[in-house]
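# Structural description and commentary
So the chains spell out like this:
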Amino acid sequence: MDASLLARHAVAQGTLGAVAAGSRAAAAIGVSVLHDGGSAIDAAVAAALAETVLLPPKCGPAGDLIALILPVGATAPTALIAIGPAAAGLPDAARAASWSVPATGPLSVGVPGAPRGYAALAARGRLGLAALAAPAISLASRGIVWSPICARLASEAAALLRRHQPEGTVYSPPAGPIANGERVRLPGLGAVLEELVRTDGALFDGPLGTVVADYVTDRGGVLTREDLRSAEASFVPAVAGEVEGHRVWVTPAPTYGPALLDALSSGMGASPTVLRAALDRLAAGLPPAGFPASAGNDAAGLASAGNRSADASPHGAGDGATTGTGADGAAGGGDTGAGPSAVSGTDGAGDTAAEPHRNIAVGAWHANADALAGGTSAVAAVDADGNAVVIVHSNSFPQFGSGLVVPGLDLVLSNRAGRGFTWQEGHPNAPAPGRRPRTTLHAWAIADPAGRPALLGATPGGEQQVPWNAQLLDALLAAGAPFAEDPQATDAALGDALTAARWEFTADGRISAEEQADPAQAPLPADGYGPAFSARSSHVAVRLAPPDGDGTLSAAADPRLGAAAVSA
C-alpha cells in the first residue's frame, strides 16, 4: 500500500469517541461500548478483555498491565501499574540455580497483575466489569477466527509449547498447527473471564489460584497460592518532563517510561547513541541523566516509587496524583530480564536462560531478526467528554509467555519474572519479596503548546518499545504536532508517524531498518546496519478534541500487523 494511503488508513476520526487496538474486532467492541453509553475507560477495558481472547499469544488474564488514564477535566494523566511481584521462593530458587534462571518455563512464571488492573480500570468507568467482559466471554464461547498474527506467533512458539505440553494444547493441537482463518473455541478462557467478573479482579485468590499454583509447582516452579494473592493494582503519579517545548508524561518505574523521557529530554531526538545510554543507565539501576537520585529515581525506586503503592488498595482504588515532577524510579525496566549481567541464551532443557555480560540496550532478545515481538498488545480510547486512556497488557516476551498453558482453562501463564528480573545477586532488579520486576511496558502522553494533554499512546515490542516510541514522538514533534488549534494537521502527522519506517537495535549492537525504509522519507541512523526486518510494531494512539475546536477526536493504529482504529 502507498505510504500516504497507509497513513490515512491508520487514523479514524469521530465525534462520540474512538478506539485503537491490536485487533479490529477488539476496537469495534470498544466502539460498541461507547454506543451503549460507556466512557473511553469502559471502551478500552472491553477492547482489552476482547484481546485476551482474540490475541492469546500476546495478552491474557495471567499477564500484566500498565496504563495511563486521563479523566475528564484532569490536567495530567495518572498511571496504573498492575505488575505482579516476585514469588516468595524465587530468590532462593535463583541462588540454587547459581542465578542462571530460564526466561521461559516453570521458574519464569510471574504473579499476574492484569486481573486486578482490569478491575481497577473498570471501577473508574460507567458500566461495570460484568458488562465490559460480556463480549469477550461471548467470543470465547462462540469462537474466534485464528488470525494471521496468531498463526505466526503460534508457529514461532511451537517448540516451546510442545516442550511443556507434549500432549498438546488448544493453541498447539496434537494434530498440527491451527490454520489461518480456522475457527477456535476457547470455553476454558471464557470460564476464566466469568470468574474474573465474579471475583471483581481477585481472580487467583480462590480455587483458580490453587489450580494454577499446582500446575506450576508440579513442573518445578515456585509459584504458590499465597504469591498469587499478593498482586496489586496501584494508581500512581505519571512522570512528567519537557521535550522541545511540550509537556510529556510517561508511566513510572518499574516501567521503561523514565528511559523514554530520559532519551527525549536530551534534545537529540531519537538518537541511537542517546537511547543506548538511557537504556544502559536504566539497566544498571542508575537515575536518568539530569534527574536527582531521589523520589524513586535511584536503585531503591524499584521497591518504592511506582512499586506497590502504599496508599492504593489491592484493587487500585487509591486516587493517585495526576501530575509527576521527576523521572520517577528509572531503575525499573525490561521485559527482557536482561540488565548488564543477563540476557538470552538457551539452557539444556531448551528454555531461554540467563547468560552473563550482555547489555540490554543492544537488543539481546532480537537475535532472530524475523521473530515478532509478540507477547504484548495495546489499546487506546477517547470519548467526547474528554476521557482518554491507553492500556498495555502482556503475557511478556516473545510470545505465549512462559510456554505453560493450564489445561482446561486455555490460560497462558506469563513469564514476567523470567524476563523482567535481573539474575544477579544484589542487583536492584534482582528478585526480592514484594519487588516488582522492571518491564519494558510503558505508555506516554503529550501536551499541545498550551499545556493541555492532547495525545496518548503506546506500542508493543519488547525492548524495542523505547526506540520505537522515541521515533514516533520525535517525528510528531518535528512536524510541529500536536497542534493547539488544528486537529486535522495533528491527525495527518500522527498517521505519517505511526506508519513510517522504523529502526531497531540488533543483537550485535547495530541498527536494523524496516524493509520499506526509504532514507529520503525517513532518514535512518548510519552507525552500522543489521539485516532489514519486516514491520513488527503495532502503535496505538488517541487524540482528544481541542476545547475550542469542532469536537472531532481520533484514534490511530499502525495497520500493518492487524491493529486498527475505529471511531463513532
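Data block above holds the structure.
Remember, it's a predicted structure, so these values are computed and weren't measured experimentally.

## Details of the nonpolar core
Core analysis: the largest hydrophobic core is formed by 97 residues, its most contacted members being Val-19, Leu-49, Val-53, Leu-65, Leu-121, Leu-411 and Leu-413. Per element, the largest residue contribution to this core is 12 residues, and it comes from helix α3 (residues 40-54). Apart from the residues within four sequence positions on either side, Leu-49 is in contact with Tyr-118, Leu-129, Leu-132, Ala-133, Ala-136, Leu-193 and Leu-196. Counting residues in hydrophobic clusters, the runner-up holds 37 residues, among them Leu-261, Val-466, Leu-472 and Trp-503.

## What to know about the pattern of salt bridges
As enumerated under the stated definition, the model contains 14 salt bridges in all. The partner of Arg-95 in a salt bridge is Asp-92, with the nearest N and O atoms 2.9 Å apart. Within this pair, Arg-95 and its partner Asp-92 are both found in helix α4 (residues 90-96), separated by 3 residues, close to a single helical turn. You can call Asp-92 exposed: its relative accessible area is 52%. Of the charged contacts in the structure, one is a salt bridge between Asp-558 and Arg-560, with a shortest N-O distance of 2.7 Å. For Arg-560, a relative accessible area of 21% corresponds to the partly exposed category. The structure contains a network of salt bridges with shared partners spanning Asp-92, Arg-95 and Glu-425.

## Some points on the side chain of Arg-435
Looking at the element boundaries, Arg-435 is found in the loop between α14 (416-420) and β16 (444-447). As a buried residue without a salt bridge, Arg-435 has its nearest oppositely charged side chain in Glu-425, at a separation of 8.9 Å.

## Concerning the sheet that holds strand β22 (residues 564-567)
Strand order in the open sheet formed by 7 strands is β7-β4-β3-β13-β12-β2-β22, and the pairing between neighbours is antiparallel. For this open sheet the edge positions go to β7 (234-237) and β22, each flanked by a neighbour on one side alone. Each strand axis lies, on average, 15 degrees off the axis of its neighbour in the sheet, ignoring direction. Of the strand pairs in this sheet, strand β2 (residues 17-21) and β22 are connected by 4 bridges, and their pairing is antiparallel.

## A short note on the packing of helix α2 (residues 24-35) against α3
For the pair α2 and α3, interaxial distance at closest approach is 8 Å and the crossing angle is 150 degrees. Compared by their axis directions, α2 and α3 come out roughly antiparallel. Here the hand of the crossing between α2 and α3 comes out right-handed. For the pair α2 and α3, the contacting residues are Ala-25, Ala-26, Ile-29, Gly-30, Val-33 and Leu-34 in the first and Ala-40, Asp-42, Ala-43, Ala-46, Ala-47, Ala-50, Glu-51 and Leu-54 in the second. When grouped by side-chain class, the residues that make up the contact of α2 with α3 number 11 nonpolar, 1 polar and 2 charged.

## Examining the packing of helix α12 (residues 257-264) against helix α13 (residues 272-283)
Where α12 meets α13, the axes come as close as 9 Å, and the angle between the chain directions of the two elements is 140 degrees. By the angle between their directions, the pair α12 and α13 is classed as oblique. As α12 runs across α13, the sense of the crossing is right-handed. Contacts between α12 and α13 pair Ala-259, Asp-262 and Ala-263 from the former with Val-274, Leu-275, Ala-278, Leu-279, Arg-281 and Leu-282 from the latter. Taken together, the residues of the contact of α12 with α13 break down into 7 nonpolar, no polar and 2 charged.

## Brief notes about the packing of aromatic side chains
Under the criterion given, the structure shown has 5 aromatic pairs. Taking 5.6 Å as the distance between ring centres and 50 degrees as the angle between the ring planes, the aromatic pair formed by Tyr-171 and Phe-400 counts as tilted. Here the residue Tyr-171 occupies a position in the loop between α8 (158-164) and β6 (183-184), and Phe-400 occupies one in the loop between β13 (388-394) and β14 (405-406), the gap between them amounting to 229 residues. The exposure classification of Tyr-171 matches that of Phe-400, with both residues buried. Consider the rings of Phe-421 and Trp-423, whose centres lie 6.1 Å apart with planes at 70 degrees: the pair is edge-to-face. Trp-423 gets classed as buried once you look at its relative accessible area, which sits at 5%. What links up through ring pairs into an aromatic cluster is the set Trp-99, Phe-421 and Trp-423. A cation over an aromatic ring shows up here: Arg-124 above the ring of Phe-235, its NZ or CZ 3.6 Å from the ring centre.

## Things to note about the sheet that holds strand β1 (residues 11-14)
Taking strand neighbours across the sheet as the criterion, the 7 strands line up as β1-β21-β20-β17-β16-β9-β8 in an open arrangement whose pairing is antiparallel. Only two strands of the sheet have a single partner each, and these edge strands are β1 and β8 (239-243). Shown here is a sheet whose adjacent strand axes are inclined to one another by a mean of 20 degrees, direction ignored. Pairing geometry for strand β9 (residues 246-250) and β16, over 3 bridges, is antiparallel. Its bridge partner being in β16, Val-250 is matched across the sheet by Trp-444. In the packing of helix α16 (residues 487-499) onto the sheet, the strands contacted are β1, β17 (453-458), β20 (540-543) and β21 (553-557), and the crossing angle to β20 comes to about 175 degrees.

Rules used throughout
Residues numbered from 1 in each chain as written. Predicted model: local features only at pLDDT ≥ 70, side-chain atom pairs only at ≥ 80, totals over all residues. Heavy atoms only, no water. Core = buried A, V, L, I, M, F, W, Y, C linked by side-chain atoms within 4.5 Å. Buried < 20%, exposed > 50% of the residue type's maximum accessible area, 1.4 Å probe, protein only. Helix = DSSP H or I, 4+ residues; strand = E, 2+ residues; numbered from the N terminus. Contact = heavy atoms within 4.5 Å. Salt bridge = Lys/Arg side-chain N within 4 Å of Asp/Glu carboxyl O. Lys, Arg positive; Asp, Glu negative; His and termini not counted. Pairing = 2+ DSSP bridges. Axes fitted to C-alpha atoms, helices over the stretch in contact; angles between N-to-C directions. Parallel < 35°, antiparallel > 145°, perpendicular 65-115°, else oblique. Left-handed = near helix turned anticlockwise from the far one by under 90°. Nonpolar A, V, L, I, M, F, W, Y, C, P; charged D, E, K, R; others polar. Phe/Tyr/Trp six-rings, centres within 6.5 Å; stacked < 30°, edge-to-face > 60°. Lys NZ or Arg CZ within 6 Å of the ring centre and 35° of its normal.

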